[in-house]
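What follows is each chain in one-letter form.
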Amino acid sequence: MNTRCRICKRKNDPESMLLCDGCNRGHHTYCLKPKLKSIPEGDWYCKECKPKKRVMSPKKKTRRVFSHTEEEEEEEEEEKEEEEDTQDETLEEENKDSEEEQSDEEEEENAHDDEDNEEDKPDGDVCSFLACYW
């Protein structure tokens, strides 16, 4: 091989010489940065011939606008209705429980009132006696 290393300009050590598949120029594996330990398989390109990676600019932050379809709106309405139904059911159950508690309390109060009223009432004879004097 009669090729000079493009970096060190020497013709020595042809076993470590890499030929660029683009420009066909030689490069020693130890002259490259970073150094290569072995000759890679397949095509190899030098820095000048290596296809340039296209640098992509960061994506612009844009606001996303979501459009609702009729189906999505219907689903949302159904979900709201279901939530309202479950809330109504729990409120009804709570109201029933509170009404039962109130009626129990009222019955107890009424029972106590009846007992009090019976104690306050004078006997029939006393009433008739007092009625005469009034």
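Given the structure is predicted, the values throughout are model-derived calculations rather than measurements. (Residues numbered from 1 in each chain as written. Predicted model: local features only at pLDDT ≥ 70, side-chain atom pairs only at ≥ 80, totals over all residues. Heavy atoms only, no water.)

## Some points on the overall build of the chain
Helices and strands together make up the secondary structure of the chain, namely two helices and two strands. Considering only intrachain contacts with a sequence separation of at least 6, the fraction spanning at least 24 residues in the chain is 19%. Here the chain displays about 13,200 Å² of accessible surface, and carbon together with sulfur accounts for 46% of that area. (Helix = DSSP H or I, 4+ residues; strand = E, 2+ residues; numbered from the N terminus. Contact = heavy atoms within 4.5 Å. Areas by Shrake-Rupley, 256 points an atom, 1.4 Å probe, with all protein chains shown as cover.)

## Regarding a positive patch on the surface
Side chains of Arg-4, Lys-9, Lys-11 and Arg-25 sit close together on the surface and give a patch of like positive charge. Inspection of the secondary structure puts Lys-9 in the segment before strand 1 (17-19). We classify Lys-9 as exposed; its relative accessible area is 52%. (Patch = residues over 30% accessible without salt bridge, like charges linked within 9 Å, V, L, I, M, F, W, Y side chains within 5 Å. Salt bridge = Lys/Arg side-chain N within 4 Å of Asp/Glu carboxyl O. Lys, Arg positive; Asp, Glu negative; His and termini not counted. Charge placed at Lys NZ, Arg CZ, Asp CG, Glu CD. Buried < 20%, exposed > 50% of the residue type's maximum accessible area, 1.4 Å probe, protein only.)

## Points about the side chain of His-28
As for its position among the elements, His-28 is in strand 2 (residues 26-28). For His-28, a relative accessible area of 0% corresponds to the buried category. Reaching out from His-28, the side chain makes a polar contact with the backbone oxygen of Asn-12 at a distance of 2.6 Å. Those residues in contact with His-28 that sit more than four places away from it in its chain are Cys-5, Cys-8, Arg-10, Asn-12, Asp-13, Ser-16 and Met-17. (Polar contact = N/O pair within 3.5 Å; in protein donor to acceptor, adjacent residues only side chain to side chain.)

## So, the environment of Cys-8
Within the secondary structure layout, Cys-8 lies in the segment before strand 1. Separated by 19 residues in the primary sequence, Cys-8 and His-27 place their C-alpha atoms 8.4 Å from one another. Ignoring sequence-local partners within four residues, the contact set of Cys-8 consists of His-28 and Cys-31.

## What about unusual backbone geometry?
Of the consecutive residues Lys-33 and Pro-34, the connecting peptide bond is found in the cis state with omega at 0°. Inspection of the secondary structure puts Pro-34 in the loop between strand 2 and helix 1 (70-120). Of note, the phi angle at Asp-13 is positive, near 55°, even though the residue is not glycine. By the element assignment, Asp-13 lies in the segment before strand 1. Located in the positive-phi region is Asn-24, a residue other than glycine, with phi close to 65°. Within the element layout of this structure, Asn-24 appears in the loop between strand 1 and strand 2. The exposed category is assigned to Asn-24, whose relative accessible area is 54%.

## With respect to the pattern of salt bridges
Counting across every chain of the model gives one salt bridge. In this structure, Glu-48 engages Arg-6 in a salt bridge whose closest nitrogen and oxygen atoms are separated by 3.2 Å. Taken as a pair, Glu-48 in the loop between strand 2 and helix 1 and Arg-6 in the segment before strand 1 lie far apart in primary sequence, 42 residues in all.

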